[in-house]
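Here's the letter readout for the chains.
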Number of protein chains: 4
Amino acid sequence: MIAGVIGATGYAGLELTRILARHPRITELLAASSSAEGEQLEHIQPHLEKTISIKLTDAKTLINTADAVFSALPNGHGGELAKLAASRPVPFIDLSADFRFGTDEATYNAWYNLSYKGGELHAASVYGLPEMNRKKIAELGAARNSAPVVIANPGCYPTAVTLAAYPAVSLGLIEADGIIVADALSGISGAGRELGRAYHFAECADSASVYKVGTHRHTPEICRNLSRAVVFTPHLVPMNRGILATLYIPLEKKLKVTSNAAAPRLPTQEMEEHAAEIRKAYTTFYKDEHFIRVLPAGLLPATNRVRGSNYCDIAVNIAGNGETLIVTGAIDNMVKGAAGQAVQNMNIIFGFDETDGLALPPGLF
Amino acid sequence: MIAGVIGATGYAGLELTRILARHPRITELLAASSSAEGEQLEHIQPHLEKTISIKLTDAKTLINTADAVFSALPNGHGGELAKLAASRPVPFIDLSADFRFGTDEATYNAWYNLSYKGGELHAASVYGLPEMNRKKIAELGAARNSAPVVIANPGCYPTAVTLAAYPAVSLGLIEADGIIVADALSGISGAGRELGRAYHFAECADSASVYKVGTHRHTPEICRNLSRAVVFTPHLVPMNRGILATLYIPLEKKLKVTSNAAAPRLPTQEMEEHAAEIRKAYTTFYKDEHFIRVLPAGLLPATNRVRGSNYCDIAVNIAGNGETLIVTGAIDNMVKGAAGQAVQNMNIIFGFDETDGLALPPGLF
Amino acid sequence: MIAGVIGATGYAGLELTRILARHPRITELLAASSSAEGEQLEHIQPHLEKTISIKLTDAKTLINTADAVFSALPNGHGGELAKLAASRPVPFIDLSADFRFGTDEATYNAWYNLSYKGGELHAASVYGLPEMNRKKIAELGAARNSAPVVIANPGCYPTAVTLAAYPAVSLGLIEADGIIVADALSGISGAGRELGRAYHFAECADSASVYKVGTHRHTPEICRNLSRAVVFTPHLVPMNRGILATLYIPLEKKLKVTSNAAAPRLPTQEMEEHAAEIRKAYTTFYKDEHFIRVLPAGLLPATNRVRGSNYCDIAVNIAGNGETLIVTGAIDNMVKGAAGQAVQNMNIIFGFDETDGLALPPGLF
Amino acid sequence: MIAGVIGATGYAGLELTRILARHPRITELLAASSSAEGEQLEHIQPHLEKTISIKLTDAKTLINTADAVFSALPNGHGGELAKLAASRPVPFIDLSADFRFGTDEATYNAWYNLSYKGGELHAASVYGLPEMNRKKIAELGAARNSAPVVIANPGCYPTAVTLAAYPAVSLGLIEADGIIVADALSGISGAGRELGRAYHFAECADSASVYKVGTHRHTPEICRNLSRAVVFTPHLVPMNRGILATLYIPLEKKLKVTSNAAAPRLPTQEMEEHAAEIRKAYTTFYKDEHFIRVLPAGLLPATNRVRGSNYCDIAVNIAGNGETLIVTGAIDNMVKGAAGQAVQNMNIIFGFDETDGLALPPGLF
């Protein structure tokens, strides 16, 4: 089977190429790049020499040849490419935000300052978070030879935040109108390959910073996923890979363990027991999800424990006088947050084993 | 005037030595170390060669000679040393947690598993956050020749979190019973000089992790400072210096700008105006505080902008459907979070200019 | 086929486990650890959860069960384990230095302060640098069912330095008695998992240092490989993975392009042509070596271009008034410098495709 | 006294500003920037808020007002500015390469592809490496009111390499025609503030690379300083500050301690004694140089031990069968390698204490 990557020279495109190159079901790999059409990818990216040999083509040719198409282009290109893909049809997995809002063009307009270009495909597309929408993705995939398949691959932050909050929301553990606070840290590859003062080594190494407070484009995607207000605040930390999201979720069932909040005590046994129950509920909720690892009590996530892998590690605890559920999720932003999840979506569409091409154990470094 | 540093070979002790060595009012510098008594500090720490020359002494001798004593020893040593200092008396500034809880020994017992050893000095001591307690510190200092002066230098996280939240709490901007969420990031020097798997370069570089969820010892100090429940969650990020704390504060005056929280809009003008008011209130609140820099709209904190300095940068914004105040504070954990603040306390005690020895502009790196 | 890793909880052991877990010819993986016998590896190293499940055993049991044995234990343990392996016999690949000196026990004694414990196996063992000794390794492997197979997996620095210098030495490009200067940089994982002040993040991040000048244990291994004096100087730089070795080789055919060495000119065409010839000679020398990539003119090595892979990138240039050949080699110290090369040796021993298990494209990060 | 910095918004300009702001002899500080004329420096660089307040002016106005002028502009601007400064005259310290080659315009042309624009000032200028040219700098300075003073502040690499080799060359320890190999590592601030793919965090963090082999512009400056061929090879390592240069110097007095170079022994007592003699010679050579610290036997340089300071740490050892002197020097590239050395030059010109403004003890981080 032939897979094709459009936008192959960006970080997400390169990671896709790297994963697909060793995918057991992919026999041929195509790549397109508007800036380097006609060149060999491994000449532009010499770290790939001897591991792949791909002459970069254009998007249209690629779409006409491949059996599965991934687009890692910036926002705004997905609509037209999806229409091309739909005309064959060939499954189209878009790593941009262009299809993430389904029929809600207004939200996409407001946050991305762009208009829909995919016509009816926006309504027909599925948001590709397998742990939430596997059935829909599979159904779309099952009809792939006769109907368009357009998958909106989720954003990196929304993946981490949604996976960490989804059980609490689904199981009603959260206070009815409670606002979730989602505080997230990202490595610098998340900013993509574009040059910018903020990503110059000397300006960001040995520094942590907060950015786009209240204005990050992933906010509406997160709120929509969780059907509620989420205060999402991204931070940049000096590492290459990884997202760590810590969520503060107001519990429906509050414990109120101390009368004097200004002189708190260490977590009480009651709090630990409640946390254990919720941890168990999370574990059960995700029991069939290979890529989710709900950590046992006492173990907390670190991004290097999911490095290079498609796993999402999740820890569940209670603090703040028994009223707040604290859930931390860790992913590799380039894998589960981008390329890996896209391949996971492809696996579902084609009925492959969901771990095909994604079985590499994480490295600590 | 002679200053003395007990525990001079740890990170906080070294930073104290570095600052005091160029302090315009200090004419002689003493240093004590139980592990290296009798040796020259600059032989053990050859980066200091030619800049200082100090023969390490013992704590008792140091206390009997110095005009101002700093202790950078681990928790548990402050009480007895303070009593020695009080017997002269000579001002004693303790960087450990031993005096941070005043008369509330129970909280100290519960979180530190230690008992008070400073007798009446615990009640007489002052918590040395100048922006909160300058008057008390100065009053104690004014009587320094006749009465004991014991200053509890605040913890690094509590300094950042308290400075970021204090105006909101003092000015009643926060919902009456509202829980503050304080999500904080620390560089690895904050862990001190002890060896540990978690601080081995290969285990923490290129990784972000969360630790001690709900159980970090700085929690009760923060809650006490702010007179309320604070959910404090510390994270470790791969940088040397710096703390970045992002606080989520439920506003008393909520805006409720959108009816559909799941489809949020970018911050409205109403939210921006409210944020500008609060930013102005913060600016006014701290108008006489040299070391606090409330940032103008559009500018957000990064730890490298306070690197090596005693400044605390604070940004004020509103998000989350108009209900949540987001305040981020950045400090250098070794300076405003430890040694610099200790020197600031000394300056107040002795009536020096508060910036003496602390005038170095921050470096970006 | 069953592979077994002794010393599975160190960095080299973990990397071996990670590679072998996805090796197409390995059907079962065993692991031994003296410190954690009886425990599940993935419990001790939770980043491995769901990717492997191995109950840690003891070395003896492992040797009695496996079809191929790797030892990633510290120096001094190889001899006895090799004897156990030889008694079956089962191929034994030792990542320590214990078998690297063959019959030259004196050198091993002098530099490692240890004695041989492997008896006749030291003479029978082969130094496992495939690009130098493939034939010997294969011959030993072909008789693996009837005779002991002991492979001394090379040191990380010697791998990089030898591969960069070997063609120049073999082809007589180097001045007859010329001393090679080998200046090498290593990431911090090279120091292993032991705790040490020098590897504490705060002590080594944002710092480069030189260590063991003239005394590093890899020196005699390098000199033996290249049959001459090599001045080897290792440096520690703040990265996790990677070795970059720059070699200065006095050319037999000197160009003497400038009369005034104190006012040098940019490389002349003559120098460029000579460099191109030598580059071509290197390319030819390594033409059948999959894991060596001799870079084209204008491209220089960076460790992130071999990250996570078994490749060695080599660049060839001439400088210094036309008298000095400069060869830089880059490897991933954990892969080609340790675990990957060990698996490459196993592949040769068993007649597998040499890239089996080692086909992962490098990542830039 | 008024000091002025032209090119104040680059890294070297900012470091100059930072040092001069606390210099005891400077009462007023001016700054010029062609890109931001008319703006407040602390608005463009908010990390400087409250520490300095400077309205950026133009270079001409600055030169007409200041008592000492520093230029941190890129190569090519120094000549004309120097002429302006000479017309008053006001001392002019140029951090670019424009005056580093004195009367040798041909070398400057060849390596920088630029022509001289400073007329006779090139011949009159002095190369500002105080440890080599203090007397000349002081003589020029003594006549500063009547004659032009133009100082060529050395390059960062040439500073480290020259200081490490100068005693060996001056004292005749080096073989008469011996080529020095200078292998150097630089932090990324050395690349300046310009954006470039190579300095994007994700492309250079966790990677070491070699660059400009045989073609780096600092090569002719180094060769000229040492009056001989020097093979200079720069490397980029993932840290912000620091240069570490390891030099391999062929000894005039060779020891030839081993007959079999391929089976080396650890350094012999004879070698150690010879190294000790040379170390002593270095110490004596630099005995009056405050900013040089020749390290005792057993101590080796690390860049974090000179971090933020004007020191150059130097270690002397012998290896390679007794034939090679290995000297490693460490500096902070932004201080002794740029801004600090420029201030040191100013101090000499004006007869100030050479450590004025440069007394800050190094920080480890």
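Here the structure is a predicted model, which means the values were calculated and not measured.

1. Observations concerning the overall build of chain A
- A tally of regular secondary structure across chain A gives 12 helices and 13 strands.
- For a compact globule of 365 residues, the expected C-alpha radius of gyration is about 21 Å, and chain A comes in at 21 Å, within 12% of that figure.
- A principal-axis box enclosing the C-alpha atoms of chain A has dimensions of 70 × 45 × 40 Å.
- Here chain A, with 365 residues, has 67% of them falling under the buried criterion.
- Sequence separation of 24 or more characterises 71% of the internal contacts of chain A that already satisfy a separation of 6 or more.
- Here chain A displays about 11600 Å² of accessible surface, and carbon together with sulfur accounts for 48% of that area.
- Side chains of chain A carry 32 positive and 36 negative charges; the gap between the two charge centres is 2 Å.

2. Regarding the interface of chain A and chain B
- Listed per partner, the contact involves 62 residues of chain A and 62 residues of chain B.
- In this assembly, chain A packs against chain B so that about 4800 Å² is buried in total across both faces, 64% of it on carbon and sulfur atoms.
- Counting across the chain A and chain B interface gives two salt bridges.
- Taking the shortest distance from any N to any O, the salt bridge between D206 of chain B and R307 of chain A comes out at 2.6 Å.
- Remark: the boundary between chain A and chain B carries 26 residue pairs in polar contact (both at pLDDT 80 or more).
- Tallied by class, the residues present in the side of chain A that touches chain B amount to 34 nonpolar, 17 polar and 11 charged.

3. Some remarks on the interface of chain C and chain D
- Across the boundary between the two partners, chain C contributes 62 residues, which contact 62 residues of chain D.
- Summing both partners gives a buried area of about 4800 Å² for chain C against chain D, and 64% of it is carried by carbon and sulfur.
- At the boundary of chain C and chain D, one finds two salt bridges.
- At the junction of chain C and chain D, the tally comes to 26 residue pairs in polar contact (both at pLDDT 80 or more).
- Tallied by class, residues from the side of chain C that touches chain D come to 34 nonpolar, 17 polar and 11 charged.

4. A closer look at the sheet that holds strand β7 (residues 180–186) of chain B
Residues and elements named next belong to chain B.
- Read across the open sheet, the seven strands follow the order β8-β9-β7-β10-β13-β12-β11; overall the sheet is mixed. The open sheet has two edge strands, β8 (209–210) and β11 (292–294), and neither has a second partner.
- Relative to strand β9 (residues 230–236), helix α10 (residues 218–226) is tilted by about 140°, and along the sheet it contacts β7 and β9.

5. Quick look at the packing of aromatic side chains
- Under the defined criterion, the tally for this structure stands at 42 aromatic pairs over all chains.
- An angle of 15° between the planes, with centres 5.4 Å apart, marks the rings of F201 of chain A and F201 of chain D as stacked. Of this pair, F201 of chain A sits in helix α9 (residues 201–204) while F201 of chain D sits in helix α9 (residues 201–204), each in a different chain.
- Judged by centre distance (6.4 Å) and plane angle (45°), the rings of F101 of chain B and Y108 of chain B are tilted.
- On the accessibility criterion, F101 of chain B (4% relative accessible area) is buried.
- The side chain of R293 of chain C reaches across the aromatic face of Y311 of chain C, ending 4.4 Å from its centre.

6. Overview of the packing of helix α1 (residues 11–20) of chain B against helix α12 (residues 335–349) of chain B
All names here are of chain B.
- Interhelical geometry of α1 versus α12 gives an angle of 45° and a closest axis separation of 9 Å. In terms of orientation, α1 and α12 fall into the oblique class. In the packing of α1 onto α12, the handedness of the crossing is right-handed. Here A12, E15, L16, I19 and L20 of α1 lie close against α12, whose contacting residues are V335, A339, G340, A342, V343 and M346.
- Broken down by class, the residue content of the contact of α1 with α12 amounts to nine nonpolar, one polar and one charged.

7. Re the relation of the copies chain A and chain B
- Superposing chain A onto chain B takes a rotation of 180° combined with a translation of 0.0 Å along the rotation axis, leaving an RMSD of 0.0 Å. When the rotation and shift are considered jointly, the pair of chain copies conforms to a two-fold rotation axis.
- Mapped onto chain B, 100% of the interface residues of chain A again fall at the interface, so both copies present the same surface.

8. Brief notes about the packing of helix α8 (residues 156–170) of chain C against helix α10 (residues 218–226) of chain C
Residue and element names in this part refer to chain C.
- α10 packs onto α8 with a crossing angle of 20° between their chain directions and a minimal axis gap of 9 Å. The angle between the axes of α8 and α10 places the two elements in the roughly parallel class. Crossing hand, α8 versus α10: right-handed. Here C156, Y157, P158, V161, T162, A165, Y166 and V169 of α8 come into contact with α10, specifically with H218, E221, I222, N225 and L226.

9. Some details on helix α4 (residues 78–86) of chain B
All names here are of chain B.
- The set of residues buried in α4 consists of G78, G79, L81, A82 and A85. Buried residues of α4, seen end-on, are gathered within an arc of 165° and therefore sit on one face of the element.
- For α4, the secondary structure elements touched by its buried residues are β1 (2–6), α3 (59–65), β3 (68–71), β4 (92–94), α6 (121–124) and β6 (150–152).

10. Digging into the relation of the copies chain C and chain D
- Overlay of chain C on chain D (RMSD 0.0 Å): rotation 180°, translation along the axis 0.0 Å.
- Interface overlap between copies: 100% of the residues of chain C at the interface are likewise at the interface in chain D, consistent with a symmetric, same-surface contact.

11. What to know about a negative patch on the surface
- On the surface, E270, E272, E273 and E277 of chain A cluster together into a negatively charged patch.
- If you trace the backbone, E272 of chain A turns up in helix α11 (residues 269–285).

12. Focus on the domain arrangement of chain A
Residue and element names in this part refer to chain A.
- As assigned here, chain A comprises domain 1 (2–154 + 336–350) and domain 2 (156–333).
- Taken together, the contact pairs 25 residues of domain 1 with 30 residues of domain 2.
- Roughly 2300 Å² of surface becomes buried between domain 1 and domain 2 when both sides are summed, with 52% attributable to carbon and sulfur atoms.
- The tally of links between domain 1 and domain 2 comes to three salt bridges.
- Linking R241 and E15 is a salt bridge whose minimum nitrogen-to-oxygen distance equals 2.8 Å.
- The tally of links from domain 1 across to domain 2 stands at 16 residue pairs in polar contact (both at pLDDT 80 or more).
- Going through the elements one at a time, α1 (11–20), α5 (105–112), α7 (130–142) and α12 (335–349) are the ones with two or more residues in the side of domain 1 that touches domain 2.
- Among the elements that line the side of domain 1 that touches domain 2, the one with the most residues is α12, at six residues.
- A breakdown of the residues in the side of domain 1 that touches domain 2 according to their chemical character gives 10 nonpolar, nine polar and six charged.

13. Some details on α7 of chain A
Residue and element names in this part refer to chain A.
- With 13 residues, α7 should cover 18 Å at 1.5 Å per step; its first-to-last C-alpha distance of 15 Å lies more than 12% under that length.
- Taken as a whole, α7 has its buried residues at P130, E131, N133, I137, L140 and G141.
- As for α7, its buried residues are in contact with α6 (121–124), β5 (126–127), β6 (150–152), α8 (156–170), β11 (292–294) and α12.

14. Some details on the sheet that holds strand β6 (residues 150–152) of chain C
Residues and elements named next belong to chain C.
- Pairing is parallel across the open sheet formed by six strands, whose spatial order is β2-β1-β3-β4-β6-β5. What marks the edges here is a single partner per strand, and that holds for β2 (28–32) and β5 (126–127).
- When strand β4 (residues 92–94) meets β6, the two strands line up parallel, connected through three bridges. Within β6, the position partnered with D94 by the bridge is A152.
- Strand contacts of helix α4 (residues 78–87): β1 (2–6), β3 (68–71), β4 and β6, with the helix running at about 170° to β4, the strand carrying the most contacts.

15. So, the pattern of salt bridges
- All chains considered together, the criterion is met by 56 salt bridges over all chains.
- For R293 of chain A, the salt bridge is made with D313 of chain A, and the minimal N-O distance between the two is 2.7 Å. With R293 of chain A in strand β11 and D313 of chain A in strand β12 (residues 312–319), this residue pair connects regions lying 20 residues apart in the sequence. Taken individually, R293 of chain A and D313 of chain A each receive the classification buried, so the pair is uniform in this respect.
- The closest approach of N and O atoms between R25 of chain B and D356 of chain B, which form a salt bridge, is 4.0 Å. Taken together, the residues R25 of chain B in the loop between α1 and β2 (28–32) and D356 of chain B in the segment after α12 connect sequence positions 331 residues apart.
- Judged by relative accessible area, which is 14%, D356 of chain B ranks as buried.
- Here the residues in one salt-bridge network are E15, R18, R241 and D332 of chain A, joined through shared partners.

The rules behind the values
Residues numbered from 1 in each chain as written. Chains lettered and ligands numbered in written order. Predicted model: local features only at pLDDT ≥ 70, side-chain atom pairs only at ≥ 80, totals over all residues. Heavy atoms only, no water. Helix = DSSP H or I, 4+ residues; strand = E, 2+ residues; numbered from the N terminus. Rg over C-alpha atoms; globule rule 2.2 N^0.38 Å. Buried < 20%, exposed > 50% of the residue type's maximum accessible area, 1.4 Å probe, protein only. Contact = heavy atoms within 4.5 Å. Areas by Shrake-Rupley, 256 points an atom, 1.4 Å probe, with all protein chains shown as cover. Lys, Arg positive; Asp, Glu negative; His and termini not counted. Charge placed at Lys NZ, Arg CZ, Asp CG, Glu CD. Buried area = accessible area lost by both parts, 1.4 Å probe. Salt bridge = Lys/Arg side-chain N within 4 Å of Asp/Glu carboxyl O. Polar contact = N/O pair within 3.5 Å; in protein donor to acceptor, adjacent residues only side chain to side chain. Nonpolar A, V, L, I, M, F, W, Y, C, P; charged D, E, K, R; others polar. Pairing = 2+ DSSP bridges. Axes fitted to C-alpha atoms, helices over the stretch in contact; angles between N-to-C directions. Phe/Tyr/Trp six-rings, centres within 6.5 Å; stacked < 30°, edge-to-face > 60°. Lys NZ or Arg CZ within 6 Å of the ring centre and 35° of its normal. Parallel < 35°, antiparallel > 145°, perpendicular 65-115°, else oblique. Left-handed = near helix turned anticlockwise from the far one by under 90°. Least-squares fit on C-alpha atoms with pLDDT ≥ 70 in both. Arc of directions from axis to C-beta. Patch = residues over 30% accessible without salt bridge, like charges linked within 9 Å, V, L, I, M, F, W, Y side chains within 5 Å. Domains from an automatic or database assignment. Expected span 1.5 Å × (residues − 1).

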